[in-house]
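Summary of the model geometry
Chain by chain, the residues:
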Amino acid sequence: MSKRTLSFICQNCGAAAHRWQGKCEACGEWNTLVEEGAERPAGPGRKPGKGRLFALEPLAGEAHDAPRLPSGVAELDRVTGGGFVRGSVLLMAGDPGIGKSTLLIQASAAMARAGHRAVYISGEEAVAQVRLRAERLGLRDAAVELAAETSVEDIVATLSEGKVPRLIVIDSIQTMWTDLVESAPGTVTQVRGSAQALIRFAKRSGAAIILVGHVTKDGQIAGPRVVEHMVDAVLSFEGEGSHQFRILRAVKNRFGPTDEIGVFEMTGAGLREVANPSELFLSERDLGSPGTAVFAGMEGTRPLLVEIQALVAPTSLGTPRRAVVGWDPSRLSMVLAVLEAHCGVKLGGYDVYLNVAGGMRIQEPAADLAAAAALVSSLANAPLPADAVYFGEVSLSGAIRPVAQAPARLKEAAKLGFTRAVVPEAAKTEGGDGGLKASFVASLSSLVADIAARGNRGTAGKNRGQDG
Ligand code: TYD
Ligand code: MG
């Protein structure tokens, strides 16, 4: 009788331990170690120490031409870098209910309509449920091949027959299981084993496979983290429950850029592509109220205008609150520190809230200036001009540093009807202000003085807001 090797696998990060522990030593999560059967070696009957000989290839050689195929969903293609790469595997990660299945059935239908073989395997919903959704989305006529299956061996066997599909959607990887692994479906070992088998099939057949992965904060359900290292690209589908906007972002991409985003709107008839997201993000603007500034940002090659909202209010707590939605909290702390140290804006007695409108998440340091403007505007109770955009990076010395692609940002702002831009002084030399009236600021303190001078209480002091 063969002795089974058992190990304890962290369901959060996939680290293995020899004995059970309350806390995973790799990721520090508690109660995530579960005993799992080890994966059997892939090649049956292989003796240890004996390897198969293989030929080594030169770097220069035959490469497959046209390995990319556009999905037909432009916003998805923008994020993948132009379409699905033959033989590649992509992980589509996101919270449950965010719209992954909806997006992928729409992409499958677009592929099928373009005459390619597209297969959609659901491990979560019955065929009838998928059909019902397709009907709602107006996709009934698309020749997508459907199945409700969870066995990876069965799926690979079935899809090896006939014409190789160009696109295979596996919804979701957490529901799949393979005979090669003894653990229960949904555990890290099963998820990893199933993903491995599907990746091998993609490489062998040349089909592009999309694995859907639910992300949960709960460590008990195997996160698709372990799969991230194995696949060619990881796309994250994000959005806030209260907003209809959905943002698709590349977290990892072996074949394309990782800074492009795709913007969608969830409607009653599925996901609608948003070709001009700035218009959408600015559509709910609250003009003329203090504490809002429009940031002219860039997401990859596309300029994107978003509103940054700030609220600075006297605190009743010993330690004032700092809450941020859509921006990096450590960037906010830095901007607050620079305001305190170099501009005389004392915020120790105030709660500070910062929010990026529309559920957007900004990663650029170029948003510093807009965030600072919104914060000072709220504190001074001085609305900023409604027709102005802001961008610039704040350095620890209080200087405003130039940012990349200033002309593209200005052009987008001009296109959307903005007439003024508050930008770093260095943007002057880059030329091309897109027809906007530019105010150049060299330091954060001059911006603070400008905003304070607009304050409706008329005093030029830098630290007001509680004098009423
Ligand atoms: P779904 O694609 O099932 O999410 P996921 O696969 O990521 O779990 O989307 C579920 C949500 O989307 C659900 O709350 C309803 C909403 N929805 C619409 O608003 N309109 C639609 O046309 C569809 C199909 C779904
Ligand atoms: Mg789903």
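These lines cover the structure that appears in this document, whether it is placed above or below. (Residues numbered from 1 in each chain as written. Chains lettered and ligands numbered in written order. Predicted model: local features only at pLDDT ≥ 70, side-chain atom pairs only at ≥ 80, totals over all residues. Heavy atoms only, no water.)

1. Details of the overall build of the chain
Tallying secondary structure elements over the chain gives 11 helices and 23 strands in all. Long-range pairs, those at least 24 residues apart, make up 68% of the contacts in the chain between residues at least 6 apart in sequence. Total accessible area on the chain stands at roughly 21800 Å², and carbon and sulfur atoms take up 54% of it. (Helix = DSSP H or I, 4+ residues; strand = E, 2+ residues; numbered from the N terminus. Contact = heavy atoms within 4.5 Å. Areas by Shrake-Rupley, 256 points an atom, 1.4 Å probe, with all protein chains shown as cover.)

2. Points about the packing of helix H9 (residues 368–380) against helix H11 (residues 444–454)
Between H9 and H11, the shortest axis-to-axis distance is 10 Å and the interhelical angle comes to 35°. Relative to H11, the crossing made by H9 is right-handed. Residue-level inspection shows Leu369, Ala372, Ala373, Val376 and Ser377 of H9 in contact with H11, the latter providing Leu444, Leu447, Val448 and Ile451. In terms of residue class, the contact of H9 with H11 is made up of eight nonpolar, one polar and no charged. (Axes fitted to C-alpha atoms, helices over the stretch in contact; angles between N-to-C directions. Left-handed = near helix turned anticlockwise from the far one by under 90°. Nonpolar A, V, L, I, M, F, W, Y, C, P; charged D, E, K, R; others polar.)

3. Remarks on the sheet that holds strand E19 (residues 388–390)
Read from one edge to the other, the open sheet built from seven strands follows the order E17-E18-E16-E15-E19-E22-E23, with strand pairing classed as mixed. With one partner strand each, in any of the chains shown, strand E17 (322–325) and strand E23 (437–441) form the two edges of the open sheet. Direction aside, neighbouring strands of the sheet carry axes that sit 25° apart on average. Two elements, strand E15 (residues 292–299) and E19, share two bridges in a ladder whose sense is parallel. (Pairing = 2+ DSSP bridges.)

4. A word on the side chain of Glu412
Relative to the elements of secondary structure, Glu412 occurs in helix H10 (residues 406–415). A residue is classified by how much of its surface remains accessible, and Glu412, at 6% relative accessible area, is buried. When sequence neighbours within four positions are dropped, the list of residues in contact with Glu412 reads Asn276, Ser278, Pro303 and Leu305. (Buried < 20%, exposed > 50% of the residue type's maximum accessible area, 1.4 Å probe, protein only.)

5. As for the site of ligand 1
If you check the shell around ligand 1, you find 17 residues, and the closest are Gly97, Ser101, Thr102, Thr267 and Gly270. In this structure, an oxygen atom belonging to ligand 1 sits 2.8 Å away from a main-chain N or O atom of Gly270. When contributions to the shell around ligand 1 are tallied by element, the ones reaching two or more residues are helix H2 (100–113), helix H3 (127–136) and strand E13 (261–267). Per-element accounting of the shell around ligand 1 gives the leading share, three residues, to H2. By residue class, the composition of the shell around ligand 1 is five nonpolar, eight polar and four charged. (Near = heavy atom within 4 Å. Polar contact = N/O pair within 3.5 Å; in protein donor to acceptor, adjacent residues only side chain to side chain.)

6. Re helix H5 (residues 188–205)
Owing to its 3.6 residues per turn, the α-helix brings residues three or four apart onto one side. With 18 residues, H5 should cover 26 Å at 1.5 Å per step; its first-to-last C-alpha distance of 26 Å lies within 8% of that length. Judged by how many residues are buried, H5 sits mostly within the fold: 13 of 18 residues are covered. One or two positions beyond H5, positive phi appears at Gly206, with a value near 90°. (Expected span 1.5 Å × (residues − 1).)

7. Overview of the nonpolar core
Counting 69 residues, the largest nonpolar core has Leu339, Leu375 and Leu444 as the members making the most contacts within it. With 10 residues, the single largest contributor to this core is H9. Lining this core are residues from two domains, each supplying at least three of them: domain 2 (68–275) and domain 3 (284–467). For Leu375, the contacting residues outside a window of four places in its chain are Ala310, Val312, Leu332, Val335, Leu336, Leu339, Val352 and Leu354. The next biggest cluster of nonpolar side chains, apart from the first, holds 35 residues, and it includes Met92, Ala233, Leu248 and Ala250. (Core = buried A, V, L, I, M, F, W, Y, C linked by side-chain atoms within 4.5 Å. Domains from an automatic or database assignment.)

8. Comments concerning the side chain of Ser7
With respect to the element layout, Ser7 can be found in strand E1 (residues 6–10). Those residues in contact with Ser7 that lie beyond four places of it in its chain are Ala17, Val34, Glu35 and Glu36.

9. Some words on unusual backbone geometry
Going from Asp171 to Ser172, the amide bond is cis rather than trans, its omega being 5°. The residue Ser172 is located in the loop between strand E9 (167–171) and H5 in this model. Its identity as a non-glycine residue notwithstanding, Asn381 has a phi of 55°, on the positive side. Locating Asn381 in the fold gives a position in the loop between H9 and E19.

10. Notes on the sheet that holds strand E11 (residues 233–238)
Taken together, the nine strands give an open sheet; going across it, the order is E8-E7-E9-E10-E6-E11-E12-E13-E14, and neighbouring strands pair in mixed fashion. One side of each edge strand has no neighbouring strand; the edge strands of this open sheet are strand E8 (145–147) and strand E14 (270–273). Ignoring strand direction, the axes of neighbouring strands in this sheet form an average angle of 25°. Pairing of strand E7 (residues 118–122) with E8, which is carried by three bridges, proceeds in the parallel orientation. Bridge pairing links Ile121 to Ala147 in E8. Against the sheet, H5 makes contact with strand E6 (89–94), E9 and strand E10 (208–214), and its axis sits at roughly 160° relative to E10, the strand it touches most.

11. Observations regarding the pattern of salt bridges
In the structure shown here, the tally under the stated rule is 20 salt bridges. Across the salt bridge formed by Arg302 and Glu75, the nearest N and O atoms sit 3.0 Å from each other. In this pair, Arg302 is assigned in strand E16 (residues 302–314) and Glu75 in helix H1 (residues 74–80), connecting sequence segments 227 residues apart. This pair shows no difference in class: Arg302 is buried, exactly as Glu75 is. Several salt bridges share partner residues, and in doing so they unite Glu75, Arg78, Glu260 and Arg302 into one network. (Salt bridge = Lys/Arg side-chain N within 4 Å of Asp/Glu carboxyl O.)

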